[in-house]
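One-letter residues, chain by chain:
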Amino acid sequence: RRRRAAPLRAASADASAAPAPAPTPAGISETDAAMNVIKAVLGAGAFALPWAFANGGLVLASSTVLASLAVCVWSVHMLVKARQFLPAAKAEKIDTYTELAAAAISEKGGLATELMVLVCCFGIASAYMVFVADTLATVITPAVLGVGPVGSAELLIYLLPLWVGLAWIKEMSGLSLISLLGNVSCVGGMAVVAQFATQMPSQLAALPTWNPATFPQWFGSVAFLFFTHFSLPGIESAMADKSKFSLASFKGFAFCAALAISFGVMGAIAFGPAVGSNVITDLQGTGVVLAVKLLLCFNLLATFPVVCRTAFLTIEKFAKMGGFTMGTWSSRAVRTAYTVAAGLTAVAIPNFGRLLGVVGGFCCSMLTCFFPAMMYIWGAKAAGRELTALESAGAWGTMVLGVVLGVLSVFFA
């Protein structure tokens, strides 16, 4: 017995002498990062895809999604490299897109990106208002609720006080939890549209395959979905192993591209050239259809304060830079004015697809193409890193692409 116990004691001694395992790095995994990228891409804008494919043509719209995927991957590479060009201690402290712009370009570069994000949030707010009004207009009807009908334009006005009240909210914890329903409602809505599409006769013969003349009108709907790079530095900074971010983002964008092409083609073939810019409004019925519509509207209402928070914080920051600190009522006055202006914009452009065209085509293109390229070029110069001819051409070409897409979307949509 003693002889048997000795090896056990020896093994116990060896185990106690062995070094403790290295602690697991804090942060999210590669899979978590890919899922966060998917969550950043998928949203209410997905319901404009059938309209975009029906107008642009199945081949051209599909090609545009694939080209957008390539641009997304390249822009991620530039953002990652821009962070790597910085001193390690400085790079570790960067959590947001605007902080990266300020560090890589200059403080003025950071302010320029903040201003662009501010405009982007304004456009998103207007798009949310139009989406909710259009969707509720198909619900408040005699056939569904036994009352109505009420038009989208009227609902935009009636709902404006509600949007203003939501803009006053500063406590985000509860709303952040509610906004998680966004992924459920989006996937559920897409599933219901797909289910309807399988029951409808094909209108493939009535659809174009390649219609570049309409490109400025619908491209913004694609850009609105995929050009979400202003949210990506935050995901990268949260990773345990930041070296895996490029691969994680590629997986997320590739999945979304495959889903976007499938959904866009299916919806366009089923609903045809007359499909609405918000395909949800083309669904008729109660039960599941009604539940999905109400859930989508509820989600956008709950997400509205979260989306606008960035804009309001930026406005308050600019005011403070000018020597004015906002109190409760001055803050509410600014939030009210901002929301009313967004509402009036929605009334002036009561078309979900057109709003996405401007916001996505201009703001998102600049934030995904123009500014990341600037960060890449300026960051390399500050670090004493000479870009190759191919890298330089790619960066400058991406800047030009962002400007061209922005001009097309604003002046020709």
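Parameters and conventions
Residues numbered from 1 in each chain as written. Predicted model: local features only at pLDDT ≥ 70, side-chain atom pairs only at ≥ 80, totals over all residues. Heavy atoms only, no water. Salt bridge = Lys/Arg side-chain N within 4 Å of Asp/Glu carboxyl O. Helix = DSSP H or I, 4+ residues; strand = E, 2+ residues; numbered from the N terminus. Buried < 20%, exposed > 50% of the residue type's maximum accessible area, 1.4 Å probe, protein only. Patch = residues over 30% accessible without salt bridge, like charges linked within 9 Å, V, L, I, M, F, W, Y side chains within 5 Å. Areas by Shrake-Rupley, 256 points an atom, 1.4 Å probe, with all protein chains shown as cover.

*Asks:* So what exactly am I meant to see when it comes to the pattern of salt bridges here?
*Replies:* A side chain of one charge can pair with a side chain of the opposite charge if their charged atoms are brought near each other. Overall, the coordinates contain five salt bridges when judged by the stated rule. Note that E30 and K251 form a salt bridge whose closest N and O atoms lie 2.7 Å from each other. Within this pair, whereas E30 is found in helix α2 (residues 30-41), its partner K251 is found in helix α14 (residues 245-271), the two being separated by 221 residues in sequence. By relative accessible area, E30 is classed as buried at 18%. Residue classification places K251 among the partly exposed positions, given a relative accessible area of 43%. The salt bridge involving E114 is made with K317; its shortest N-O contact spans 3.0 Å. In this pair, E114 sits in helix α7 (residues 107-137) while K317 sits in helix α15 (residues 288-321), placing the two residues 203 residues apart along the sequence. The exposure class assigned to E114 is buried, which follows from its relative accessible area of 10%.

*Asks:* What am I meant to see in a nonpolar patch on the surface here?
*Replies:* A surface patch of nonpolar side chains, about 540 Å² in accessible area, is lined by V358, V403, V407, V410, F411 and F412. Considering each element in turn, the nonpolar patch owes the most residues, four residues, to helix α18 (residues 389-411). Assignment of secondary structure puts F411 in helix α18. Note on F411: relative accessible area 65%, which makes it exposed.

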